[in-house]
Amino acid sequence: MKGIGKRVTVAFLSIVALLTASGVISLFELSNLSYDTDAILSASSRDMEISKNLLRSVDDHRRAIIDIAIFGKEDKSACRKASEELDSQISSVRDNAPMVLQDCLDSLSMYSARLRSLTENYSSTETVVIDSLTVEVRKVDGRRWYVEVYEPSHDRFVEQIKRYTTLSHNQIAPRAAQLSKNAYRSVAPVLISLLVMIAIVLMFYFFVYIYGVKPILRINKALADHLSFKLPYKAKAEMIDEIKELNDNIENLINISKSNKKQGEDAI
């Protein structure tokens, strides 16, 4: 390739192409990073919402059974409604849950069925057979039944919800670790391009100074010395392309000027 203009143009276009390529790669990686981040945040938010809904429903069931067992309320509709909500929520989660969570959801279904059974079988009175001829109906101690029978099942259900939350978060952890790697991948092209661009700019500065700035300074000094002190024109610098042509033309012009001046003196 000849011509300093072409060399400068190619140098700058190379820098532009490098920055464009690194920008496109970074945008692609950042797009993937944004997608992965949204997916992880959505999964985490969904799991937290599921756990919150399950805890709210089981707490509604607990308060409803307190009204029945301790305060003597006869209507069990609130308990049945809370049980239906629990079963519905567990069923909706099961459809999209990974295999590692299926066992936990099975346990939740089992504990939910246990709570439903306790509710349906609870009665404020119980029949006690004293002997073959005597049957006695006694009042059930609702507080004792709640503490000894219902509360352990309720606590096991709550613990299973916590286990579900832990397992679901463990499923997100590897994706979060991969997210960190993707972040480095999205930034790496920019950093590499920056380092390469710095190296190219330094090299470009070196070549421009050696083959552009320095020859022009030498040409200017040699021309000034010739005009001021009548010294022979000689620009000592490594020159290429148009700058070499410029130096040769100046030297030819000076030689022609000397030749014309000598011919004029000889004519006189």
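Residues numbered from 1 in each chain as written. Predicted model: local features only at pLDDT ≥ 70, side-chain atom pairs only at ≥ 80, totals over all residues. Heavy atoms only, no water.

A few words on the overall build of the chain. Counting its regular elements, the chain contains five helices and two strands. Reading the chain from its N end, one meets helices and strands in the order α-α-α-β-β-α-α. Dimensions along the principal axes, computed over C-alpha positions, put the chain at roughly 165 × 30 × 20 Å. The buried share among the 268 residues of the chain stands at 29%. Pairs at least 24 apart in sequence give 69% of the contacts found in the chain among residues at least 6 apart. Averaged over its 35 positive side-chain charges, the chain has a centre that lies 11 Å from the centre of its 34 negative ones. (Helix = DSSP H or I, 4+ residues; strand = E, 2+ residues; numbered from the N terminus. Buried < 20%, exposed > 50% of the residue type's maximum accessible area, 1.4 Å probe, protein only. Contact = heavy atoms within 4.5 Å. Lys, Arg positive; Asp, Glu negative; His and termini not counted. Charge placed at Lys NZ, Arg CZ, Asp CG, Glu CD.)

The subject of this paragraph is the side chain of His154. Mapped onto the elements of the fold, His154 is located in helix α4 (residues 142-229). Those residues in contact with His154, other than ones at most four positions away along the chain, are Val58, Arg62 and Leu115.

What follows covers helix α2 (residues 77-96). Here α2 contains 20 residues, and its C-alpha end-to-end distance of 30 Å stays within 8% of the 28 Å for a straight helix at 1.5 Å per residue. All of the buried residues along α2 are Cys79, Ala82, Ser83, Leu86, Gln89, Ile90 and Val93. Projected onto a plane normal to the axis of α2, the buried residues spread over an arc of 130° and lie on a single side. Of the exposed residues in α2, those oriented more than 90 degrees away from the buried face are Lys81, Asp95 and Asn96. (Expected span 1.5 Å × (residues − 1). Arc of directions from axis to C-beta.)

Our focus in this paragraph is the nonpolar core. Counting 30 residues, the largest nonpolar core has Leu108, Trp145, Phe157 and Tyr164 as the members making the most contacts within it. Secondary structure elements with two or more residues in this core: α1 (4-69), α2, α3 (99-121) and α4. Ignoring sequence-local partners within four residues, the contact set of Trp145 consists of Ile65, Ala69, Leu118, Tyr122, Val140 and Tyr150. Core analysis: the second largest hydrophobic core is formed by eight residues, Tyr233, Met239, Ile243 and Ile250 among them. (Core = buried A, V, L, I, M, F, W, Y, C linked by side-chain atoms within 4.5 Å.)

So, on to the packing of aromatic side chains. This structure, assessed with the given rule, holds six aromatic pairs. With a centroid separation of 5.4 Å and an interplanar angle of 70°, the aromatic rings of Phe206 and Phe207 are classed as edge-to-face. Considering the side-chain rings of Phe207 and Tyr211, the 6.1 Å spacing of their centres and the 15° angle between planes classify their relative orientation as stacked. Here Phe207 and its partner Tyr211 are both found in helix α4, four residues apart, which amounts to about one turn of the helix. Note on Phe207: relative accessible area 42%, which makes it partly exposed. By way of ring pairs, the aromatic residues Tyr122, Trp145, Tyr146 and Tyr150 are connected into one cluster. (Phe/Tyr/Trp six-rings, centres within 6.5 Å; stacked < 30°, edge-to-face > 60°.)

The relative placement of two packed helices comes down to the angle between their axes together with the axis-to-axis distance. Where α2 contacts α3, the two axes come as close as 10 Å, and the packing angle between them is 165°. Of the possible angle classes, the one that applies to α2 and α3 is roughly antiparallel. When you trace α2 past α3, the crossing you get is left-handed. Counted together, Cys79, Arg80, Ser83, Glu84, Leu86, Asp87, Ile90, Val93 and Arg94 of α2 and Gln102, Leu105, Asp106, Leu108, Ser109, Ser112, Arg116, Thr119 and Glu120 of α3 form the full contact between these two elements. (Axes fitted to C-alpha atoms, helices over the stretch in contact; angles between N-to-C directions. Parallel < 35°, antiparallel > 145°, perpendicular 65-115°, else oblique. Left-handed = near helix turned anticlockwise from the far one by under 90°.)

Between its first and last C-alpha, α4 extends 121 Å over 88 residues, near the 130 Å set by a 1.5 Å rise per residue. At Tyr209, α4 shows its largest kink, close to 45°. Lys230, located one to two residues past α4, shows a positive phi value of around 60°. (Bend = angle between axes of the 7 residues up to and from the residue.)

Turning our attention to the confidence of the model for the chain. Detailed reading of the predicted model is not advised wherever pLDDT is low. Averaged over every residue, the pLDDT of the chain is 82; the share at 70 or more is 92%. When mean pLDDT is taken per element in the chain, α3 scores highest with 90 and strand β1 (residues 125-131) scores lowest with 63. (pLDDT = per-residue confidence, 0-100.)

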